[in-house]
Amino acid sequence: MSGLGWIVAIKVMLIVCAIGRNADSTPSNSRYKWTTMDWLEAQNVSHEVHNVTTADGYQLQVQRLPHLGAKPVLLVHGLLGSSLGWVCLGPERSLAFQLHRRSYDVWLANLRGVAPYGRQHIDLTDVMADFWRFSFHEHGAYDLPAIIDHMAEVTGGEQQARGGGRGSGADEEQMPRQVLLIGHSQAFNAFLVLCSVHPRFNQRIQLMQALAPLARLHRQVRFDSFQVRHLMKFVKKRQKGNKFEIFPPGYFRKICQSKRDLCEYYTKQLAGSSQSNKKLLEAFNYEHLLQGGSAREIKHLQQIWKSGDFISYDFGPVENMQVYHGVEALSYNISQITVPIILYFGETDAIATPEGVHGIYARMLKSVKSVMRISSPKFNHLDFLISNDIKTLVNDKLIEQMEQFLEGRLPYVIE
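Residues numbered from 1 in each chain as written. Predicted model: local features only at pLDDT ≥ 70, side-chain atom pairs only at ≥ 80, totals over all residues. Heavy atoms only, no water.

Undergrad: Tell me about the packing of helix 4 (residues 136–161) against helix 10 (residues 295–307), and please be specific about residues and values.
TA: Packing of helix 4 against helix 10 leaves a shortest axis separation of 8 Å and a crossing angle of 110°. By the angle class used here, helix 4 and helix 10 are roughly perpendicular. Contact with helix 4, carried on its side by Phe136, His137, Glu138 and His139, involves Arg296, Glu297, His300, Leu301 and Ile304 of helix 10 and no other residues of that element. Considered class by class, the residues forming the contact of helix 4 with helix 10 number three nonpolar, three polar and three charged. (Axes fitted to C-alpha atoms, helices over the stretch in contact; angles between N-to-C directions. Helix = DSSP H or I, 4+ residues; strand = E, 2+ residues; numbered from the N terminus. Parallel < 35°, antiparallel > 145°, perpendicular 65-115°, else oblique. Contact = heavy atoms within 4.5 Å. Nonpolar A, V, L, I, M, F, W, Y, C, P; charged D, E, K, R; others polar.)

Undergrad: Lay out the layout of surface pockets in plain terms, naming residues and giving numbers.
TA: The space that makes up the largest pocket amounts to roughly 1,200 Å³. Residue lining of the largest pocket: 41 residues in total, with Leu80, Leu231, Phe247, Phe252 and Leu270 positioned closest to the centre. Per-class residue counts for the lining of the largest pocket are 28 nonpolar, 12 polar and one charged. (1 Å grid on protein atoms, 1.4 Å probe; cavity = no way out; pocket = protein on both sides within 12 Å on 5 of 7 lines; lining within 4 Å. Points joined across faces, edges and corners; volume = space filled by probe spheres on them.)

Undergrad: Can you break down a nonpolar patch on the surface residue by residue, with the values?
TA: Taken together, Phe226, Leu262 and Tyr265 make up a surface patch of nonpolar side chains, about 300 Å² in accessible area. Turning to its location among the elements, leucine 262 is positioned in helix 9 (residues 260–271). (Patch = residues over 30% accessible without salt bridge, like charges linked within 9 Å, V, L, I, M, F, W, Y side chains within 5 Å. Areas by Shrake-Rupley, 256 points an atom, 1.4 Å probe, with all protein chains shown as cover. Salt bridge = Lys/Arg side-chain N within 4 Å of Asp/Glu carboxyl O.)

Undergrad: Which residues make up the state of the cysteines, and what values go with them?
TA: Applying the stated criterion to the full structure yields one disulfide. Here cysteine 256 connects covalently by a disulfide to cysteine 263, the sulfurs 1.8 Å from one another. Here cysteine 256 matches cysteine 263 in class, with each residue buried. (Disulfide = S-S within 2.5 Å. Buried < 20%, exposed > 50% of the residue type's maximum accessible area, 1.4 Å probe, protein only.)

Undergrad: Describe in detail the pattern of salt bridges, supporting the description with residues and values.
TA: Taken as a whole, this structure holds 16 salt bridges when the rule is applied. The closest approach of N and O atoms between aspartate 105 and arginine 64, which form a salt bridge, is 2.9 Å. In this pair, aspartate 105 is assigned in strand 4 (residues 105–108) and arginine 64 in strand 2 (residues 58–65), connecting sequence segments 41 residues apart. Summarising the burial analysis for this pair, aspartate 105 and arginine 64 share the class buried. The network of salt bridges with shared partners includes Glu48, Arg64, Asp105 and Glu158.

Undergrad: How would you sum up helix 14 (residues 390–406)? Please name residues and give values.
TA: Residues spaced three or four apart along an α-helix point in a common direction, a consequence of the helix completing one turn every 3.6 residues. Compared with the 24 Å implied by 1.5 Å per residue over 17 residues, the 23 Å span of helix 14 between its first and last C-alpha is a close match. Roughly 25° is the biggest bend found in helix 14, and it falls at aspartate 396. Along helix 14, 12 of the 17 residues are buried, which leaves the element largely enclosed by surrounding structure. Of the residues making up helix 14, those classed as buried are Ile390, Leu393, Val394, Asn395, Lys397, Leu398, Ile399, Gln401, Met402, Glu403, Gln404 and Phe405. Where helix 14 is buried, its residues contact helix 3 (95–101), strand 6 (179–184), strand 7 (205–211), strand 8 (341–345), strand 9 (368–373) and helix 13 (383–386). Trailing helix 14 by a residue or two, glycine 408 shows a phi angle of about 75°, which is positive. (Expected span 1.5 Å × (residues − 1). Bend = angle between axes of the 7 residues up to and from the residue.)

Undergrad: Let's hear about empty space enclosed by the protein: which residues, and what values?
TA: Tallied over the entire structure, the rule returns five cavities of 30 Å³ or more. Its volume calculated, the largest cavity comes out at about 70 Å³. Along its surface, the largest cavity is lined by Gly85, Trp86, Leu89, Arg93, Ser94, Leu95, Leu211, Phe384, Leu385, Ile390, Val394 and Asn395. Counting only elements with at least two residues in the lining of the largest cavity, the list comes to helix 13 and helix 14. For the lining of the largest cavity, the element with the highest residue contribution is helix 14, accounting for three residues.

Undergrad: Could you give an account of unusual backbone geometry, with specific residues and numbers?
TA: The amide bond that connects alanine 115 to the next residue, proline 116, takes the cis arrangement and shows omega of 0°. The phi dihedral of serine 103 falls on the positive side, at around 70°, and the residue is not glycine. Summarising the element assignment, serine 103 is placed in the loop between helix 3 and strand 4. With relative accessibility at 41%, the residue serine 103 sits in the partly exposed group. If you check the backbone angles, histidine 325 has positive phi at about 60° while not being a glycine. Note that histidine 325 resides in the loop between helix 11 (317–324) and strand 8.

Structural data, given as structure tokens:
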């Protein structure tokens, strides 16, 4: 072969290798922009889409990985999250796929405000201020009841279609304790509101497993008043600019690419030290993993932090009189909740701190059956979503605890 021929051949080989590398890397990069439905369709897993309308008009999309007749499990995302958090690490590490492989009937909740699955309303659009007037109170008072009732209606109909329902009173007594609930972060707040505002759900939820739960925040978080004030200034600035959604899809990704040091600082302050600090900002690479927040959600958490109690949203004395028939916001009576609860916490979580999680245990001694520490010296609030070791550190333990509970042999462990 001539010298020119060798040069041409080498160039062709380099081009082919470059194409090969791009083919390997592009899917990985593109997955940061995938939605929940993209993941379900890419895995070719059996799935359904359910549209649920709340009592106050929000239209929510709920995804399901069905196993007809199996025990239903509802996965509920936390603050700024979506159902994507349960599938975004793929079939080997994500909890939704793990549960489905173990033949559970898996349902993925999307609460109001989530893009693109919680942006519809009968009368409102997501560019209107009224659409964004919600916090975790509405998640618990409206979204979760609508989703859980829909699940019962669907699974009950399927049971009757298979000839398994007799329509007797005995069957109706068995129906209420059918749902296993798993939630991250603020999903626990919504659960507390659900069972406080609608006591019937104390009989409808068989077990609640709470990952990085929060309730009262005063002196139980690892960030200080300076960081809180800075965050609230940002929220007020957005509101003054008529930007009702605080963190639109892709916002964190854009900010953390252009202001990495600032993003890293606040992530460490507000989320805690990561299992792998080299991947501290990994969660912000995703387009839809962290997004969809309302100003009232942040304000409500700030009110809880300031008050030292788990209270309903404080509108101010005048509006409180109209809503609560008193000048002060109401304190949720969580001591009356009877659903069995298992709590999980990370050692370096700055939001759901070990102190805060044990504080929940102290207030809910009748309900909390176990308090479990994640076996990693550094595990923060976002590691519950994207840790490389989430299968072994969280999911396997969670499934084991759930199955021990269902078999009536759950050990009482407080770590």
